[in-house]
Amino acid sequence: MRITGFLILIFLFGGRARAQMPVLTLEHLTTKEGLPSNDVWCLNKDRKGFLWIGTGRNLCRYDGYSFLRLDSLQLGYCSGVSTDSKGDLYTSVDTRGIARIDHNTMEVSTLVQNNYDDQDTGNDLHEQGTVDSYDQMWVCDYTSVQRYDIAKKKLFRYTFTASDGGDAYQYASFFEDRQRVLWIVSELGLYYFDRKHDKLVCVLGSAAIYPENRINIRLSRGSQDSEGNLWIGGYEYGLVKYSPSDHSFSIRKAGFEQNDVVCARESRDENGRKVIFVGTNDGVSVYYTERNELYHLPEFYNQGIRIKDMYDDVANGILWIGTSNGIFKYRYRNNGVRTVAIPASVVRQPVQVTSIQPALGGGYWLGLSHSGVLHWLPSENRFKLHRYGQEEASANKVRTIGGKAFVFTEKGIFTGDSKSDHFQTWQAGKEPSRNFDFRDGLLDRKGRLWIANLNEGLKVFDPITNKELHLWAPEQGRKLVHQNYIKGIRETPDGRIWIAACSQGLFFFDEEKAVFTNIQELAINKGRRLGGDCINGIQVAPDGSILVASWGGVSRIAPNGLIRDSFDFNSGTLKDTYCADIAETPDGRFWFSTNEGIHVADPKTRSVRYLTTIDGLRSNAPVGFYYNAPGELLLGYINTLNILDVKQLGSNVRSPGIMLALVEVKGKKRFQDTASEIVLQPDENSVNFSFTTLNFEPSSQNRFSYQLKGYDDEWIDIGNEHTVSFSNLPASSYTLRVRSSNASGVASRQPLVIRLIIRPYFTNTWFFRVLVGLTIAALIVAMMRWRVDTLAERNRLDLQITEWRLKALQSQMNPHFLFNSLNSVQNYLLTNRGVEGAKYLSKFSKLVRRIMENSNHQYLSFEKIIDTLRMYVEIESFRFNHEFAYTFDIEENDVLLDAQLPPMLLQPYVENAIWHGLMPKEGEKKLTITARLSDRHIICTIADNGVGRDFAPRTEGHISRGQEMTRGIFEALRQKDSEARIEMIDLFGDQDQPAGTMVKMIIPIENV
């Protein structure tokens, strides 16, 4: 987002402002942020809180993060959008007509089609679509006003009669007031809808029912203010005010002589005062009705930005302004924050308020970045500039000393009072100095004047004689400024002088010993540190403690020098490392400024709240800073001041909401009511969820966390990210819970709950497994009944049952291996791209071809089994970036290589060694596969140097389906040869630490 701040020029009279000028901060949204078109025609919110925007290209929805376009709506100019009582949206698009959008599914259906091909001009356009509280949709064309009854699906037409007897050419817009009266703002005048008699009644215009209101006037758009008055834009006529209570009206043309007023909307200025925002064909104006003052905003008028519509988002305190140059967002809800502008006629602008200090006799001294110092009386909002003679200097600090203002600048020290026109140079401080960059000063309890020079350190003067006092030895003064410079000085109630320095931290002056002591050198601070050693601001707390703000954080130091409380960037609680000034409020909280706004830290709870431009601050980087106990904090900016009510702001923290913005399944948008379960098919287990708080604050102000119940019960903090993605989720039921929290750490009252179901493949369902089992059992029973009649037949049947069992197990293993391999391919493609992906697919295709060839054979030669296994290990090594080494040590023996074995006998244990043995291990990883022939048996081993079985991470209750089937094969083989078996051997190192696992198989050849 691009942030645009603007000031309104007002007429001033001798340095005294007639009224406080509005100071507004805007955010600008255009096509660069995703808006379909910069030509914005209408704005409205639905019942969920999403903002809908009609543009010159299409209708879109904005959730504060992104703009959602509805693909089912064709490109076209959208002139109106609103919701009915059920929450469904109705819009008017010139390429379609009247359309309905289901608020749950976002499905678009056309209710009334625009028809440009017939001779009837009354059905060419259906524009300015507005739904009233009676679920009647109102549209217009250039010849009539039309009412579409949503329930009856019927269109009613209301025409206007021209003076010649024909239909009048006109255009109209609609709005409903709080009394549920539907108003038609037409180019022929102002009408309301008489529901009882089903007709339009003119109250202002040539056909008005009130004779005194019969005037020729062309009107554009209207709205109602809080007092019930209507404010209407008039083409060539200015701003029109109409009172329904007594039918009176007034027209303000002054100020709009060169403009057409398009729309008007009541809202608030930056200080909470009611104003009328007026949109014209050239910009935005602000009208204060109580004092009859009008201001044109140069940010709009200088560029000639045409205003199309305004929407007041009362829930969020935002005025949305639709223009020919995108959307402007003005957040006016700034409870506890007031803004004061420095009049342009008082001082050459831009000027920065660098220091704020109370003035003797009332008001404040405002140190400026140039021109001098201002004396400001808030009660009268009066400013007076006091210059430094011919000097141009920037004020580092303003202090009230001995009834006068002392201004410490980079060109010397200047002093004066509110009665003098110019401040004079304080020669006593300038004469003994070679460097004239002064930073701070104070008059201590003994009547001595302390002056802080940036590079020359501290000097002390007798203010009566202006003589310099020497309270310490020269080497102590040099120690203070060695690789160090002074930023500020303060005195605590015990009379001790404290010096804020950069970059060696905080010092105090021990007058008895005449030495400067760095608090980091105190024994009581062993193991303790300040928030930062380069101190920018220093203040004295009500209890006599010292508060410092520095690069890195803030700290409270007890009067004896003990570092008590610190907030710093290392703790992760601060948004910025630069802390400039600090104050403590009566509730014990620290208020300090940074380049990211104002931080409010509570030492008791260790919580930190943030105030930014979203909360009404003029800027996130204030320079001037003064806490006026007990309840005001003054901040200085460029050309402006903020006055913060700390009590109101301290308690004004709203809990954010949480809403599902979008669901994407395999990259395709899916709209569904979150009250219903989201059901995904087996191939749809890649899903992305997007969330929003619908407070339309910057993304940095909102944080999110989630929990996926059924997968992981832990809450996961995703920070400012508002999306979460899941892929390869096993078929199951899940509950996704999402929470949001704001910059103050306040979480949403209730989490968003989304129920998610992923269906399994049919072959993985219990129904399928039971069906297969029952089928096999039925076949076995049938065969037994058919074949069993003698003992010999039963013996032969036992052998045949074993063969059937082997075949049944084998029939499950081939698809099992294939599915595991496909999961490997999917995982690689989701995390890698390019040439390596192509190589991987090439290897995988060869492996799949080999698997498909092998699937036609119940038995394969051991040589082919090893070749296939090599291909599998190679592709796994490739996928894991060659993190493990592997060796095949196979005896060159024809009998061994020609032996016929089930194809998938070894693969499950190789897979288990790689996934659960080697991958969790750190360091060297090695896999060894051996095979030898011994007495008509194959002795095969699969060994890894992984983490061992006891330490291998597994899902609770997980049993490898491949290993389970392999054990079944060996059970069948053991019925033929008692020596057939599988052994799992744990390997250990020299000191009995786990060193891997070995699987040993003894496979008979003759009886296989």
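Along each chain, the written sequence defines residue order, and numbers are assigned to residues from 1. Side-chain atom pairs in this predicted model are given and counted only at pLDDT of 80 or more, local residue features only at pLDDT of at least 70, and totals for whole chains, interfaces and linings cover all residues. The basis for every side-chain value is the complete set of non-hydrogen atoms in the structure, without hydrogens or water.

Our next topic: unusual backbone geometry. Note that the residue after Gln349, namely Pro350, is joined by a cis bond; omega there is 10 degrees. Residue Pro630 follows Ala629 across a cis peptide bond; omega there is 5 degrees. Among the secondary structure elements, Pro630 is positioned in the loop between strand S57 (624-628) and strand S58 (632-636). For Asn466, which is not a glycine, the phi torsion comes out positive at approximately 60 degrees. Within the element layout of this structure, Asn466 appears in the loop between strand S43 (457-462) and strand S44 (467-469). Given the relative accessible area of 36%, Asn466 is considered partly exposed. Not every positive phi belongs to a glycine, and Arg606 is a case in point at roughly 60 degrees. The residue Arg606 is located in the loop between strand S55 (597-602) and strand S56 (607-611) in this model. We call a residue buried when its accessible area falls under 20% of the maximum for its residue type, exposed when it is over 50%, and partly exposed in between, using a 1.4 Å probe and counting protein chains only. You can call Arg606 partly exposed: its relative accessible area is 37%. The helix and strand labels rest on DSSP assignments: H or I over at least four residues marks a helix, E over at least two residues marks a strand, and numbering proceeds from the N terminus.

Right, let's get into the confidence of the model for the chain. Per-residue confidence from the predictor is reported as pLDDT, which spans 0 to 100. Within the chain, residue pLDDT values average 85, and 88% of them lie at 70 or more. The low-confidence segment residues 1-18 (pLDDT under 50) makes 58 contacts with residues lying over four places distant or belonging to another chain. Throughout, a residue-residue contact means that at least one pair of heavy atoms, one from each residue, lies within 4.5 Å. Between residues 955-959, whose pLDDT stays under 50, and residues either more than four places distant or in other chains, the model counts one contact.

All right, on to the sheet that holds strand S63 (residues 687-692) then. The strand order across the open sheet formed by four strands is S61-S60-S63-S66, and the pairing between neighbours is antiparallel. Strands at the two margins of the open sheet, each flanked by one partner only, are strand S61 (668-670) and strand S66 (723-726). Sheet twist, expressed as the mean angle between neighbouring strand axes with direction ignored, is 25 degrees. Strand direction decides the pairing type here: S63 and S66, joined by four bridges, are antiparallel. Strands were regarded as paired on the criterion that DSSP finds at least two bridges between them. As a rule, the C-alpha atoms of each element are fitted with a line to give its axis, helices using only the stretch in contact, and angles between N-to-C directions run from 0 to 180 degrees.

What follows concerns the packing of helix H8 (residues 862-879) against helix H10 (residues 907-918). The contact between H8 and H10 brings their axes to 11 Å, and the two run at 20 degrees. Compared by their axis directions, H8 and H10 come out roughly parallel. The interaxial crossing formed by H8 with H10 has right-handed handedness. Two secondary-structure elements touch here, H8 through Leu869, Tyr872, Val873, Glu876 and Arg879 and H10 through Gln907, Val910, Glu911, Ile914 and Trp915. Split into classes, the residues belonging to the contact of H8 with H10 amount to six nonpolar, one polar and three charged. Under this scheme an angle from 65 to 115 degrees is roughly perpendicular, one under 35 degrees roughly parallel, and one over 145 degrees roughly antiparallel; angles in between are oblique. Handedness of each helix crossing follows the sense of rotation of the near helix against the far helix: counterclockwise by less than a right angle gives left-handed, clockwise gives right-handed. Here the nonpolar group is Ala, Val, Leu, Ile, Met, Phe, Trp, Tyr, Cys and Pro; Asp, Glu, Lys and Arg are the charged ones; every other residue, Gly included, is treated as polar.

What tends to happen in soluble globular proteins is that the nonpolar side chains get buried as a cluster. What makes a nonpolar core is a set of buried Ala, Val, Leu, Ile, Met, Phe, Trp, Tyr and Cys residues whose side-chain atoms join them at distances within 4.5 Å. Formed by 37 residues in total, the largest nonpolar core has its most connected members in Phe862, Val910, Leu927, Ile938, Ile942 and Met1001. Counting only elements with at least two residues in this core, the list comes to H8, strand S70 (885-890), helix H9 (894-898), H10, strand S72 (926-934), strand S73 (937-944), helix H11 (961-974) and strand S75 (994-1004). Of the residues forming this core, the biggest block, six residues, is contributed by H8. When sequence neighbours within four positions are dropped, the list of residues in contact with Val910 reads Leu869, Tyr872, Val873, Leu927, Ile929 and Ile942.

Working definition: a ring pair exists when centres of Phe, Tyr or Trp rings (six-membered ring for Trp) sit within 6.5 Å. Plane angles under 30 degrees give stacked, over 60 give edge-to-face, the rest tilted. For the structure on display, the rule yields 38 aromatic pairs. Arranged with centres 5.1 Å apart and planes meeting at 80 degrees, the rings of Trp320 and Phe696 form a pair that is edge-to-face. Linking Trp320 in strand S30 (residues 318-323) with Phe696 in the loop between S63 and strand S64 (703-709), this pair joins segments that are 376 residues apart in sequence. Three or more aromatic residues link up through ring pairs in this structure, and these residues are Tyr62, Phe67, Trp320 and Phe696. The rule is short: NZ of Lys or CZ of Arg within 6 Å of the ring centre and within 35 degrees of the ring normal puts a charge over the ring. One residue, Arg291, lies across the ring of Tyr288, its end atom 3.9 Å from the ring centre.

Turning our attention to the side chain of Thr594. Its place among the elements puts Thr594 in strand S54 (residues 590-594). Using a relative accessible area of 1% as the deciding quantity, one classes Thr594 as buried. Once residues lying within four places of it in the same chain are set aside, the contact partners of Thr594 are Asp576, Tyr578, Cys579, His599, Asn620, Ala621 and Pro622.

Adjacent strands of a sheet pair through backbone hydrogen bonds, lying either parallel or antiparallel. With antiparallel pairing, the four strands of this open sheet are ordered in space as S53-S54-S55-S56. The open sheet is flanked by strand S53 (579-584) and S56, the only strands paired with a single partner. Across the sheet, the axes of successive neighbouring strands diverge by a mean angle of 25 degrees, strand direction being ignored. In this sheet, S56 lies alongside S55 in antiparallel orientation, the contact comprising five bridges.

Another point: the pairing of strand S59 (residues 640-645). Of all six residues in S59, five are buried, a share of seventy percent or more. Sheet topology places strand S32 (residues 337-341) next to S59; five bridges connect them, and they run antiparallel. Residue pairing for S59: Val340 is matched across the bridge by Leu641. The sheet contact formed by S58 and S59 spans five bridges and is antiparallel. Residue pairing in the sheet places Leu635 in a bridge with Asn642 of S59. Linking S58 back to S59 in an antiparallel pair, the connection comprises three residues, with Asn639 at a positive phi of about 70 degrees.

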